[in-house]
Amino acid sequence: MSPRDPAAKRPFEGNAVIVGYGQTTYHKRPEWSTLQYCIEAVRLALDSCGLSNDDVDGLGVCSFMLPPDNTATLAEHLGMTLTWGYLGTFGGAAQVIGLQRAVRAIEAGDAETVVLVAADAYSVSAHVSLMDDFNSGMREYLIPYGMGGANGLFAMLEQRHRYEYGTTREQLGKLAVTQRRNAGLNPNALLREPMTIEDYLNARVICDPIRLYDCVLPCGGGEAIVVTNVERARTLNRPAIRVLAGGERTNYGPDKLVLLDAGWREFAPTMFEQAGLSRSDIDMVELYDDYPIMELIQLEGLGFCDRGQGGAFVEETDISLTGTLPINTGGGQLSCGQSGAGGGAIGLTEAVMQLQGEAGERQVPNARTALVSGFGMVGYVKGLCQSAVILATE
Amino acid sequence: MVSLIKKEDTSITEEATHPVLEHAGSGIPTPTLFEWNRPFFEGGLQGKLRLQRCARCKQLIYYPRMLCPRCFSPDYEWEQLSGRGTVYSFAIVWRPNHPAFTDQIPVLLAVVELSEGPQMVSTLLGCAPEQVSIGMEVSVVFDTIAPDVALPKFVPQT
Ligand SMILES: [Zn+2]
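Residues numbered from 1 in each chain as written. Chains lettered and ligands numbered in written order. Predicted model: local features only at pLDDT ≥ 70, side-chain atom pairs only at ≥ 80, totals over all residues. Heavy atoms only, no water.

### Some points on the overall build of chain B
Alright, step 1. A count of helices and strands for chain B gives one helix and nine strands.
Alright, step 2. The linear arrangement of helices and strands in chain B, starting from the amino end, is β-α-β-β-β-β-β-β-β-β.
Alright, step 3. When each of the 158 residues of chain B is scored for burial, the buried share is 54%.
Alright, step 4. Across chain B, contacts joining residues at least 24 apart in sequence account for 56% of those joining residues at least 6 apart.
Alright, step 5. Here chain B has roughly 7200 Å² of accessible surface; of this, 50% comes from carbon and sulfur atoms. (Helix = DSSP H or I, 4+ residues; strand = E, 2+ residues; numbered from the N terminus. Buried < 20%, exposed > 50% of the residue type's maximum accessible area, 1.4 Å probe, protein only. Contact = heavy atoms within 4.5 Å. Areas by Shrake-Rupley, 256 points an atom, 1.4 Å probe, with all protein chains shown as cover.)

### Observations concerning the confidence of the model for chain B
Alright, step 1. Here chain B averages 89 in pLDDT, and 87% of its residues register 70 or above.
Alright, step 2. A low-confidence stretch, residues 1-15 of chain B (pLDDT under 50), is modelled with 27 contacts involving residues beyond four sequence positions or located in other chains. (pLDDT = per-residue confidence, 0-100.)

### Regarding helix α1 (residues 38-45) of chain B
Alright, step 1. Turning to α1 of chain B, its buried residues number three or more, namely P39, F40, F41, G43 and G44 of chain B.
Alright, step 2. The positive-phi residue at the C-terminal boundary of α1 of chain B is G47 of chain B, with phi of around 75°.

### A closer look at the nonpolar core
Alright, step 1. With 151 residues, the main nonpolar core has L99, F154, F304, L371, Y380 and L391 of chain A together with L124 of chain B as its most contacted residues.
Alright, step 2. At eight residues, helix α3 (residues 94-108) of chain A tops the list of elements feeding residues into this core.
Alright, step 3. Split by domain, this core shows at least three residues from each of two domains, domain 1 (16-122 + 219-233) and domain 2 (148-215 + 244-393) of chain A.
Alright, step 4. When residues no more than four places from it in sequence are discounted, the contact partners of F154 of chain A are I210, D290, Y291, I293, M294, F375 and V378 of chain A.
Alright, step 5. Formed by 29 residues, the second largest nonpolar core is a distinct cluster that contains V19, C38, C49 and A75 of chain A. (Core = buried A, V, L, I, M, F, W, Y, C linked by side-chain atoms within 4.5 Å. Domains from an automatic or database assignment.)

### Re unusual backbone geometry
All names here are of chain A.
Alright, step 1. Following P67, the chain continues into P68 via a peptide bond in cis, with omega recorded as 15°.
Alright, step 2. By secondary structure assignment, the location of P68 is in the loop between β2 (58-62) and α2 (71-78).
Alright, step 3. Residue P209 follows D208 across a cis peptide bond; omega there is 15°.
Alright, step 4. Tracing the chain through its elements places P209 in the loop between β5 (205-208) and β6 (210-211).
Alright, step 5. Although it is not a glycine, N366 sits at a positive phi angle of roughly 55°.
Alright, step 6. Mapping N366 onto the fold places it in the loop between α14 (346-355) and β10 (369-378).
Alright, step 7. The exposure class assigned to N366 is exposed, which follows from its relative accessible area of 70%.
Alright, step 8. In this structure, V381 is a non-glycine residue whose phi angle is positive, near 80°.

### Details of the domain arrangement of chain A
Residues and elements named next belong to chain A.
Alright, step 1. Here chain A is partitioned into domain 1 (16-122 + 219-233) and domain 2 (148-215 + 244-393).
Alright, step 2. One C-alpha centre belongs to domain 1, the other to domain 2; they are set 23 Å apart.
Alright, step 3. Taken together, the contact pairs 35 residues of domain 1 with 36 residues of domain 2.
Alright, step 4. Summed over both partners, the interface of domain 1 with domain 2 comes to about 2700 Å²; 64% of that surface belongs to carbon and sulfur atoms.
Alright, step 5. The three residues of domain 1 that bury the most area against domain 2 are Y21, Y26 and V96, which together make up 25% of that side's buried surface.
Alright, step 6. Taken together, the links from domain 1 to domain 2 amount to one salt bridge. (Buried area = accessible area lost by both parts, 1.4 Å probe. Salt bridge = Lys/Arg side-chain N within 4 Å of Asp/Glu carboxyl O.)

### Thoughts on the environment of G376 of chain A
Residues and elements named next belong to chain A.
Alright, step 1. In this fold, G376 is placed in strand β10.
Alright, step 2. Owing to a relative accessible area of 7%, G376 belongs among the buried residues under this scheme.
Alright, step 3. The spacing of G376 and Y288 is 88 residues in sequence and 8.7 Å in space, taken between C-alpha atoms.
Alright, step 4. Ignoring any residue separated from it by four or fewer positions in sequence, one finds G376 in contact with F90, G91, G92, A93, G383, L384 and C385.

This is the structure in structure tokens:
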């Protein structure tokens, strides 16, 4: 391991805040190109806080399908001259990592106003062909086995979690069913029809033990947020959302293939300490929900419960919008759809919307704090990247 | 159920340390061969499960690497393993990602923990989905998917 103590990282200074968000219409079958989803998400985010392209000097982009376009060429399309740029290559962890990069850049004066966008025209066929050539470890050592894409890998993760800790399908189903109820209040969610626990338990088997409602629906969509410094934020007449603390890990546990325990466990104590909050101070959690089993692993790693107790925690906790710990308040990827790399940003958009008090029918009452978690870039078997941030109203 | 050997398109090479199946099926995506993984796939053609062992820190390495991921040494030896292990976890894949596998449904995907320590993802042959369990003892066979590539797969130990 690194000789440096990762807990020695310098806290954020509190000078960078989130002032706007944008989410495009989600399309079951993508109707636009990835570039269009990016541009539309950026436009919506800047509109939401009364800014325009010439106010922006920093741009971060997370997308699987944007190549051959990239941060520089997107800036050209958008007419932005940048002093700072980021291209997120951490899959579903990338937007939450990008936010932390942007905070540091604004604190350092490398940029004043940053837009972070994550989007993809993510059709089912695009998802399948992306998986077949996702990275070299997967391509050389997994794909020749007919591994069922991510479903096969996360089915093995769930199988082992159930074996080690007695996690039940009913516990996992509570997440999917609760999120579906939240999605019913989210006009942009693609899957809004009510779902019962029986629907979840009896759904078509995709990759045993994973069934249909454990999987996300690939879709077209884009997500963006605007980050700026406190001085600029004061001129915008918008609620400024503080970024209290964060953390990231890439390639945690290099000897492990099945990540029952991932990087969140390592950075969460420092993150909460630097935020000056405890778990019970968190008003909502937006987890990366490519599969319900990953939500349990995040709850455990982030310290909301002990190792292996994620299932029991979810069973015993009121995770509804009015509960003690609302989870994935907009329905998450499981009910909204997974817009490729946008799936790693939907929780951030949702948290900003909630903390700005604009979540409409699904507004969490008196929401002052949120934890947003990211996870992504499956390499050889495991997801390589974990990230999280804690946000708060002023 | 996956049949271990289809008479018309497979055969077993008797002198091999472990069985080598000749797979007639085409269209299966094949790995790119590099200096540091070629002996792994070619070992399979001879019925041998070989992994790199780092010459400096002595760790067994999987998947094959150009440099030891633990100590960064470029020096390693190819070591033949027992080919035995246990199922650490598994999944029954009804929807393989790639169309080349549709005639193999369901694919029994597994993380196999080798007796010597490393884990690898592979598939199980010669057993029904309902027979698979965590902790099940398995041993290696090799599936020849290209002239220079035989993939280690696993069957229940008898
Ligand atoms: Zn070494």
